[in-house]
Amino acid sequence: MMGQLSGQPLDRMSQLQILPRPQTLCNSLPFSVPRLPFKGKPQCCSLCTVISLLITLFCVLLGAGFLNLRSSRLGRQVGASEAGGELDGPQAVTLSRMVYPQPKVLTPSRKDVLVLTPWLAPTVWEGTFNIDILNEQFRLRNTTIGLTVFAIKKYVAFLELFLQTAEKHFMVGHRVTYYVFTDRPGDVPHVPLGEGRQVVVLEVRNYSRWQDVSMHRMEMISNFSRQRFLHEVDYLVCADVDMRFRDHVGVEILSPLFGTLHPGFYGAARAAFTYERRPQSQAHIPRDEGDFYYAGGFFGGSVAEVLRLTSACHRAMVVDRAHGIEAVWHDESHLNRYLLDHKPTKVLSPEYLWDEQLLGWPAVVKKLRYVTVPKSHRVIRD
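Quick caveat, the model's predicted, so the values are computed rather than measured. (Residues numbered from 1 in each chain as written. Predicted model: local features only at pLDDT ≥ 70, side-chain atom pairs only at ≥ 80, totals over all residues. Heavy atoms only, no water.)

A. Just the overall build of the protein chain, in detail. Within the protein chain, the regular secondary structure consists of 9 helices and 10 strands. Within the span of the protein chain, comprising 382 residues, buried residues form 41% of the whole. Split by element, the accessible area of the protein chain, about 22200 Å² in all, is 57% carbon and sulfur. (Helix = DSSP H or I, 4+ residues; strand = E, 2+ residues; numbered from the N terminus. Buried < 20%, exposed > 50% of the residue type's maximum accessible area, 1.4 Å probe, protein only. Areas by Shrake-Rupley, 256 points an atom, 1.4 Å probe, with all protein chains shown as cover.)

B. Focus on a nonpolar patch on the surface. There is a patch of nonpolar side chains on the surface, built from L193, V199 and V201 and spanning about 180 Å² of accessible area. Structurally, L193 can be placed in the loop between β3 (175-182) and β4 (197-203). (Patch = residues over 30% accessible without salt bridge, like charges linked within 9 Å, V, L, I, M, F, W, Y side chains within 5 Å. Salt bridge = Lys/Arg side-chain N within 4 Å of Asp/Glu carboxyl O.)

C. Representation of the packing of helix α6 (residues 303-322) against helix α7 (residues 330-341). Their axes nearest at 9 Å, the elements α6 and α7 cross at an angle of 120 degrees. One finds that α6 runs oblique with respect to α7. Here the hand of the crossing between α6 and α7 comes out right-handed. When α6 is examined against α7, the residues R308, L309, A312, C313, A316, M317 and D320 are found in contact with a partner set consisting of D331, H334, L335, Y338 and L339. Here the contact of α6 with α7 is composed, by residue class, of 8 nonpolar, 1 polar and 3 charged. (Axes fitted to C-alpha atoms, helices over the stretch in contact; angles between N-to-C directions. Parallel < 35°, antiparallel > 145°, perpendicular 65-115°, else oblique. Left-handed = near helix turned anticlockwise from the far one by under 90°. Contact = heavy atoms within 4.5 Å. Nonpolar A, V, L, I, M, F, W, Y, C, P; charged D, E, K, R; others polar.)

D. Local environment of the nonpolar core. Core analysis: the biggest nonpolar cluster contains 40 residues, and L159, F162, F170, I253 and F298 have the highest contact counts within it. Those elements giving two or more residues to this core turn out to be α3 (131-140), β2 (144-151), α4 (159-169), β3, β5 (235-239) and β6 (243-245). In this structure F170 touches I145, L147, T165, V176, R197, V237, F245 and V249, once residues within four positions along its chain are discounted. Residues L202, M215, V303 and L335 belong to the second largest nonpolar core, which totals 32 residues. (Core = buried A, V, L, I, M, F, W, Y, C linked by side-chain atoms within 4.5 Å.)

E. Broad picture of the confidence of the model for the protein chain. In the predicted model, the protein chain carries a mean pLDDT of 84, and the fraction of residues at 70 or more is 75%. Of the regions scoring below 50 in pLDDT, residues 1-42 engages in 21 contacts with residues more than four places distant in sequence or in other chains. Counting interchain partners and residues more than four positions distant, the pLDDT-below-50 stretch residues 69-87 has 10 contacts. (pLDDT = per-residue confidence, 0-100.)

F. Quick look at the pattern of salt bridges. The tally for this structure, following the rule as stated, stands at 15 salt bridges. For E356, the salt bridge goes to R246, with nearest N and O atoms at 2.6 Å. Of the two residues, E356 is situated in helix α8 (residues 356-359) and R246 in the loop between β6 and β7 (257-260); the sequence distance between them amounts to 110 residues. A relative accessible area of 27% means that R246 is categorised as partly exposed. Taken together, the shared-partner salt bridges connect E126, E351 and R369 into one network.

G. Inspection of the sheet that holds β3 at higher detail. Pairing in this open sheet of 8 strands is mixed, and the strands run β1-β9-β7-β8-β5-β2-β3-β4 from one edge to the other. On the outer flanks of this sheet lie β1 (123-124) and β4, each paired with one strand and no other. Pairing between β3 and β4: 7 bridges, direction parallel. Bridge pairing in β4 places T177 opposite Q198. Along the sheet, α6 makes contact with β5, β7 and β8 (298-302), crossing β8 at roughly 125 degrees. (Pairing = 2+ DSSP bridges.)

H. The packing of aromatic side chains, seen in detail. Under the defined criterion, the tally for this structure stands at 20 aromatic pairs. On the numbers, 6.2 Å between centres and 70 degrees between planes, the contact of F138 with Y235 is edge-to-face. Taken together, the residues F138 in helix α3 and Y235 in strand β5 connect sequence positions 97 residues apart. Ring plane angle 25 degrees and centroid distance 6.2 Å describe the contact between F224 and F229, whose orientation is recorded as stacked. With a relative accessible area of 0%, F229 lands in the buried category. Three or more aromatic residues joined by ring pairs form one cluster here, namely F162, F170, F245, F258, F298 and Y370. The lysine or arginine in question, R141, covers the ring of F138, its NZ or CZ lying 5.4 Å from the ring centre. If you follow K343 out to its NZ or CZ, it ends over the ring of W119, 5.1 Å from the centre. (Phe/Tyr/Trp six-rings, centres within 6.5 Å; stacked < 30°, edge-to-face > 60°. Lys NZ or Arg CZ within 6 Å of the ring centre and 35° of its normal.)

I. Main features of unusual backbone geometry. In this model, N142 sits at a positive phi of 55 degrees, which is unusual for a non-glycine residue. Examined against the element boundaries, N142 turns out to sit in the loop between α3 and β2. Despite not being glycine, M171 has its phi angle at roughly 50 degrees, a positive value.

J. A look at α4. If you check which residues of α4 are buried, you get L159, F162, L163, T165, A166 and E167. Next to the buried residues of α4 lie β2, β3, β4, β5, β6 and β10 (370-372). Where α4 ends, the next residue or the one after it, M171, has phi of about 50 degrees, a positive value.

K. Main features of the side chain of S281. Tracing the chain through its elements places S281 in the loop between β7 and β8. Leaving out residues up to four positions away in the same chain, S281 has contacts with E276, D320, I325, A327 and H334.

L. Fine view of the environment of A157. Structurally, A157 can be placed in the loop between β2 and α4. Taking C-alpha positions, A157 is 9.3 Å from P189, a pair spaced 32 residues apart along the chain.

Quick look at the structure:
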């Protein structure tokens, strides 16, 4: 997924050069060389050697001075580039002139919801961020986002609406690569894309059971992250295909590692979470543990962190399979175990994954950004 040159051998004799005799070389100098009366090697030859060495030394010193000057200028350019915020990680970012309301220390952005976890990760709700500031920061870094989606078997039917709505609402104004995993590449629809956005079709095998398709997502994302995503994009967003984007989903979600609160459990006590409760499973979480219940349909982060997450979940599922165990909610169960042990650096509110048909539209959820598409699971999974 992601010769050697040859030539005809030269005759050795043709490579020999006839050097001038010392007397001839001395005669070619632009000044007279005194001839001293002593036996042995002619003095003019020794003097020629000294002159040649002096000329060579002069050239070396001149070249070293030029290279030192060039390195100094390059160092200043790199320093300026680093100060401009092009490197990963926390850093000062120089913004162009912008006018926006001053943040108020004594006035919280939201009083009705949790906006910061106990490990100091922000929880992203409408009203907690300024998208103009964030867009400018990520544009300065020239960020590219990858969006992975699995359109296996009958699920390819959801792909056109998914891509059409993503073009309207997902990372608008930024570079995006849609990675479509499918066993039916000929059925991938042609959707008009904006500048700097592309669809990459990755042909993969299907599985007889939908549970196996779900669990093998971790393995496939892990493999392709290692093979190509690390070299092509900065962040990965891993999403379900049987959904549509309904409102803005932008760079406010980007972080080294993020998870999304499951819409069915964001207000529930941990004892009610549908974690894997069997101690024999690698996904096991005891009833007195757990922070949140995360949805398997929308998670991501930097490519390196997503690689770690998906690799760990895949290894855990392999161990479970060897012991004849299948976690209650498959890859989602393993995702929750991982995010309990490796706290996400950002938590997305259920605005970023919602089922209006099942849950309505409560006042606390001010925007429905990424929502389910009505369907019959029994029909689509057969």
